[in-house]
Amino acid sequence: DPGADASLCGMAATGASGTNAVRYGTMRPNVLNLRVVLPDGRLLHTAGPGRQPRKRAAGYDLTSLFVGSEGTLGFLTQATLRLHPLPEATAVTIASFPSVGAAVACTVQVLQAAVPVARIEFLDEVMADACSRFSGMGLPVAATLLLELHGSRRSLAEQQQQMEEIVQQNGGSSLAWAEGLEEREQLWSMRHNAWYAALALRPGCQGYSTDVCVPISRLPDVVVETKQDLQASSLTGPMVGHVGDGNFHCILVFNSQDPEEAQRIHAFTQRLGRRALAAGGTCTGEHGVGLGKRALLQEELGQEGLDTLRSIKAALDPHNLMNPGKVL
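Residues numbered from 1 in each chain as written. Predicted model: local features only at pLDDT ≥ 70, side-chain atom pairs only at ≥ 80, totals over all residues. Heavy atoms only, no water.

Its 13 residues place the ends of helix H5 (residues 100-112) 19 Å apart at the C-alpha level, agreeing with the 18 Å of an ideal helix rising 1.5 Å per residue. Every buried residue of H5 is accounted for by Val100, Gly101, Ala102, Ala103, Val104, Cys106, Thr107, Val108 and Val110. Of the residues trailing H5, Ala114 is marked for its positive phi of about 60°. (Helix = DSSP H or I, 4+ residues; strand = E, 2+ residues; numbered from the N terminus. Expected span 1.5 Å × (residues − 1). Buried < 20%, exposed > 50% of the residue type's maximum accessible area, 1.4 Å probe, protein only.)

Structure representation (structure tokens):
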């Protein structure tokens with residue numbers, strides 16, 4: 001489920017995911033082969049020309065090496081992807097909760113109960129309000145989960161019952177399920193416009209998206225602590241996330257001409273990254289390291305890990321032509 005302006009090779013280059021990742025996986029397990037132009041101009045097929053096995057054990061996993069490489073090792077020019085069949089039946093619903101903690105705790109319980117949820121997306125009350133006003137949906141101003149189930153018609157009814165019980169246990173609202181294509185697309189269109197909805201909170205300001213991922217068991221604590229940090233820092237940063245796999249974002253909206261506010265943004269993002277690392281997570285679940293998270297990458301991997309990455313970079317790109325300065 002790429003974002004509105006995402007390309008498939010761009011998604012592969014950053015190791016991105018999207019809303020379906022909790023059920024179908026991120027880009028990494030769904031890429032079977034890549035055609036890459038190496039820095040010296042040679043053409044590489046990472047799994048061999050024309051090959052597309054579902055699994056392989058032949059040599060190093062070159063495909064996974066280039067997925068998430070952020071353009072530092074070569075140009076990704078073609079991707080061979082795994083396909084998943086469309087489900088017989090699909091149902092979508094929205095649940096509102098009394099607090100951010102309750103919404104995220106519900107997510108954890110859904111996963112622990114092994115409900116085969118296809119999408120489970122989180123909006124804090126600020127993001128829910130922004131999306132509601134931007135898309136004209138009339139949502140309550142409350143922490144919100146968007147839930148989608150896939151399966152046969154018979155299995156879907158069982159999943160819906162399980163979901164309703166878990167939502168009620170966490171103080172969530174009663175659920176009304178949308179099964180028609182038009183209504184489902186309207187709900188997901190609201191979610192996909194979250195970036196623009198956040199920017200509309202402060203017209204003329206700039207947006208900066210954070211991106212961390214933590215183990216599911218630590219997700220409620222980390223989300224609540226991050227919410228408290230945002231409020232204490234007096235920042236506009238509505239929260240949204242693919243919480244089914246522990247990944248969430250704060251879309252920080254700030255005046256880039258105000259050095260003091262920009263400094264608070266930087267300090268917050270560094271604290272957020274280190275909070276994720278302290279919880280056993282990663283400083284980036286899908287957006288990549290780029291320039292802004294190079295120090296956090298070293299803290300995450302250690303010096304040995306970073307040295308290994310540099311050795312790979314030097315072997316493939318000895319003249320440092322590909323995205324110089326990024327990641328490393």
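Next comes the rest of the description.
Another point: the domain arrangement of the chain. What the domain assignment lists for the chain is domain 1 (8-81) and domain 2 (89-279). Using C-alpha coordinates to define each centre, domain 1 is positioned 28 Å away from domain 2. Buried area between domain 1 and domain 2, summed over both chains or domains, comes out near 850 Å², and the portion from carbon and sulfur atoms is 52%. Of all residues in domain 1, Thr19, Val22 and Arg23 give up the largest surface area on contact with domain 2, accounting jointly for 68% of the area buried on that side. Remark: the boundary between domain 1 and domain 2 carries zero salt bridges. At the junction of domain 1 with domain 2, the criterion picks out five residue pairs in polar contact (both at pLDDT 80 or more). Tallied by class, the residues present in the side of domain 1 that touches domain 2 amount to three nonpolar, five polar and one charged. (Domains from an automatic or database assignment. Buried area = accessible area lost by both parts, 1.4 Å probe. Salt bridge = Lys/Arg side-chain N within 4 Å of Asp/Glu carboxyl O. Polar contact = N/O pair within 3.5 Å; in protein donor to acceptor, adjacent residues only side chain to side chain. Nonpolar A, V, L, I, M, F, W, Y, C, P; charged D, E, K, R; others polar.)

For the structure shown, the criterion picks out zero aromatic pairs. The positively charged end of Arg119 is found above the aromatic ring belonging to Trp188, 4.3 Å away from the centroid. (Phe/Tyr/Trp six-rings, centres within 6.5 Å; stacked < 30°, edge-to-face > 60°. Lys NZ or Arg CZ within 6 Å of the ring centre and 35° of its normal.)

On to the pattern of salt bridges. In this structure the tally under the stated criterion is 14 salt bridges. With a closest N to O distance of 2.7 Å, Glu299 and Arg274 form a salt bridge. Of this pair, Glu299 sits in helix H12 (residues 294-316) while Arg274 sits in helix H11 (residues 259-278); the two residues are 25 residues apart in sequence, bridging distant segments of the chain. Residue Arg274 is classed as partly exposed on the basis of its relative accessible area, which comes to 37%. When salt bridges with common partners are traced through the structure, they connect Glu225, Asp229, Arg271 and Arg275 into a single cluster.

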